[in-house]
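# Examining the three-dimensional arrangement
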Amino acid sequence: MLSSPSTTSVAASQSSVPAPSRHLALETYWREVDSIKEEREGEEEEEEEEDERKSVDEVEMEEAWLTGAGLSSLVTGSSEEEELPAEALMSTLTHQQVATVRRRLDNYNETLRKKNRQPIRDVRDIFTESEDDSADRGSSPSSHRSESPRRYHTSTKTIHRNTHRARPSLPSLRCDGQHSEHTLSLPPPVTLSADWLLRDSPYSEGVAEHKKDGACWDCLHFQGDDNSDVVTFVPVSPSQGLTCTDDLSSCDLTQLGFFAHIELSTFLLALGVQTKQTRPPRHRRRDAGVFGRPLKLLLHNDRKTFPGLKVPVVFQRLLSILEHTGLQTEGILRVSGSAARLKYLRREIDRCGEVMDWSTVKQVEAAGLLKLFIRELDTPLLTHTHLSYYRAVLKVSSVLHQVQTLHLLTLLLPEENRDTLQALLVFLRKVVSYQDQNRMSLWNVSMVMAPNLFTCRHSNSKHSVAKQQEELEEALGGAHLVQLMITHQDLLWTVPKFLLSQVRQVNQVSNQKPFGLMRAKRRLLRKKTDKNHTDQITELCEGVIRVHAPLHTKVSMAIQLDDRTRAKDITARFECENSPVQCLYEVGGNICERRLHPECILLDVHRVNPHCDWLIKP
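Let us look at the structure shown here. (Residues numbered from 1 in each chain as written. Predicted model: local features only at pLDDT ≥ 70, side-chain atom pairs only at ≥ 80, totals over all residues. Heavy atoms only, no water.)

## Some remarks on the packing of helix 20 (residues 442–453) against helix 21 (residues 465–487)
- Interaxial distance between helix 20 and helix 21 falls to 7 Å at its minimum, and their mutual angle equals 115 degrees. Taken together, the axes of helix 20 and helix 21 lie roughly perpendicular to each other. Relative to helix 21, the crossing made by helix 20 is right-handed. Of the residues in helix 21, those in contact with L442, W443, V445, S446, M447, M449, A450 and L453 of helix 20 are A475, L476, G478, A479, H480, V482, Q483, I486 and T487. (Axes fitted to C-alpha atoms, helices over the stretch in contact; angles between N-to-C directions. Helix = DSSP H or I, 4+ residues; strand = E, 2+ residues; numbered from the N terminus. Parallel < 35°, antiparallel > 145°, perpendicular 65-115°, else oblique. Left-handed = near helix turned anticlockwise from the far one by under 90°. Contact = heavy atoms within 4.5 Å.)

Next comes the structure, spelled out in structure tokens:
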């Protein structure tokens, strides 16, 4: 599933690993691939290779993209019934983001005309008002200078592996600047704060220089030319006001996904990286059991017994066994136990589920079942829809921009996939922390998990040297992505400031300009609420907020804010003995609901959302 990795970035990742360890890790990768192949022997092979390689129909691809961007009304024509009209969303986009939407809609309409089908809406109806407004928001001068073509055609190859051939060894990878085994000289590690999360402008606004084969300011500032292989970005202070995906309501997360979807395509286009969707392989769906079922369905069933659960119970059980008894086991994750034993345990879990006797499962067996659970999911953990974008990450030369692309991709994952991926990455970081005991370094863990997250088919034909070279690059590329996700996992769940600002803007536009309502109705609504808003604004302009705590004896309290008042200072005023942990929430105004970090400075929140309510609850 991975191809054409950036030789520079992949070489950078593996050059910081001692040569003997690199060879061992590569052998670990091939053993994992062979183990996966053996487990599938005897099962009915699906004859869908040609279908998998076929690209998605162009109309279908553009419809899916516009729907993912929250612009389904442009292809269905049902804007009156849509909660978030296309005009409201478009009015909050930057100049480059608008250009991306226009390009996709142009391509969609032109393809329809070629097939003698009538477009639902004319492009001029959509961009008449929004283009001028959004152009003003494009803060980067380069975004106004750059003009993109109206249409483009892209392609991404799918690599099919074959286990019946000689494995290519690591030295066969031709990477510029790679160290030899005898002259390995590692640069000192560099840790930098990810303060690019605090910017008001999107990632795509600052990379126009890449279109001219240059390097943007971020590339030079954060990495330079010598230390790009060992740069690690760490989260900024919580007092800066950033939020995590877990802290937002489902309504805000939906809108966040629309903006992340548009920004991802705009960002990759600005970097000169092209992608194209391929059809997912068809397979039989299982109607019972645990393995091979959709994550959403597993969680729905588990929540009947465990309300509020975020990760399937079986997945949690396997992680718990490994964390309590396997973190110091040598070769954990690399050794998976007997194939026959794994098949037996799989049948038992499918039959019994949570009530099975987990004490009989050993560490190596739990590791094998964990990887099997990930591989056998009805839809890949990283989803079919986004796998082509993960392949595209490997075409990006800058590690900084690779991390930013992975960041946007993580925000696009369905909630159940994102929560499960987070639990997995947290566990993998724990495994790496015990590498002195278990001999599983970050690169070894990445090599083991890569074929489980990025699964490929195997072909039975003999491969040429060039094909083996591609397979080797695929192995290193997949491991490089896993390594980036493990290393920067704390950033992946953080919502960048510019995306949260766009969510606030679209909420503000939807509240102030209710599209579809008659002008007379809007005047009546405005008169009805003017008096209440006048009192509230007077109070809030003085820096006074009213905090509501319906579950406490003190139902509400007026509090004067200063530049040092934090969320934890407010919750502390409502604490009492034996009370559950309470959090402060920002509700209404230009956000649906947001849980505030205890270190969050409240005056900053008050300034960006003066009309919100403040609520304390668990």
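## Observations regarding the sheet that holds strand 7 (residues 583–588)
- The sheet built from 5 strands is open, its strands ordered 6-5-9-7-8 with mixed pairing. Pairing within the sheet leaves two strands with one partner each, and these edge strands are strand 6 (556–560) and strand 8 (591–595). Between one strand axis and the next, the sheet turns through 25 degrees on average, direction left out of account.
- Summarising the sheet, strand 5 (residues 544–548) and strand 6 pair through 5 bridges and their orientation is antiparallel. Along strand 6, the bridge assignment pairs V544 with Q560.
- Docked against the sheet, helix 23 (residues 497–512) engages strand 7 and strand 8, running at close to 145 degrees with respect to strand 8. (Pairing = 2+ DSSP bridges.)

## What to know about unusual backbone geometry
- With a phi angle near 80 degrees, L333 is a residue other than glycine that sits in the positive phi range.
- By the secondary structure assignment, L333 is in the loop between helix 13 (313–325) and helix 14 (339–352).
- You will see that R439, though not glycine, has its phi angle at about 60 degrees, which is positive.
- If you trace the backbone, R439 turns up in the loop between helix 19 (435–438) and helix 20.
- The exposure class of R439 is exposed, given its relative accessible area of 51%. (Buried < 20%, exposed > 50% of the residue type's maximum accessible area, 1.4 Å probe, protein only.)

## Section: the pattern of salt bridges
- Under the definition given, this model contains 17 salt bridges.
- One salt bridge in this structure joins E62 and R104, with 2.7 Å as the shortest N-O distance. Here E62, found in helix 4 (residues 58–68), pairs with R104, found in helix 7 (residues 95–114); they are 42 residues apart in sequence, far enough to count as distant.
- Residue E62 is classed as buried on the basis of its relative accessible area of 1%.
- Its relative accessible area of 7% is what places R104 among the buried residues.
- Via salt bridges that share partners, R346, D350 and E376 belong to a single interconnected network. (Salt bridge = Lys/Arg side-chain N within 4 Å of Asp/Glu carboxyl O.)

## Overview of the environment of L370
- Take L370: it is sitting in helix 15 (residues 363–375).
- Taking relative accessible area as the criterion, L370 reaches 0% and is therefore assigned buried.
- In this structure the C-alpha to C-alpha distance between L370 and L319, which are 51 residues apart in sequence, comes to 7.6 Å.

## Focus: the side chain of N507
- Among the secondary structure elements, N507 is positioned in helix 23.
- The exposure class assigned to N507 is buried, which follows from its relative accessible area of 8%.
- Not counting residues within four places of it along the chain, the set of residues in contact with N507 comprises D252, Q255, N590, I591 and C592.

That is the geometry; function is a separate question.
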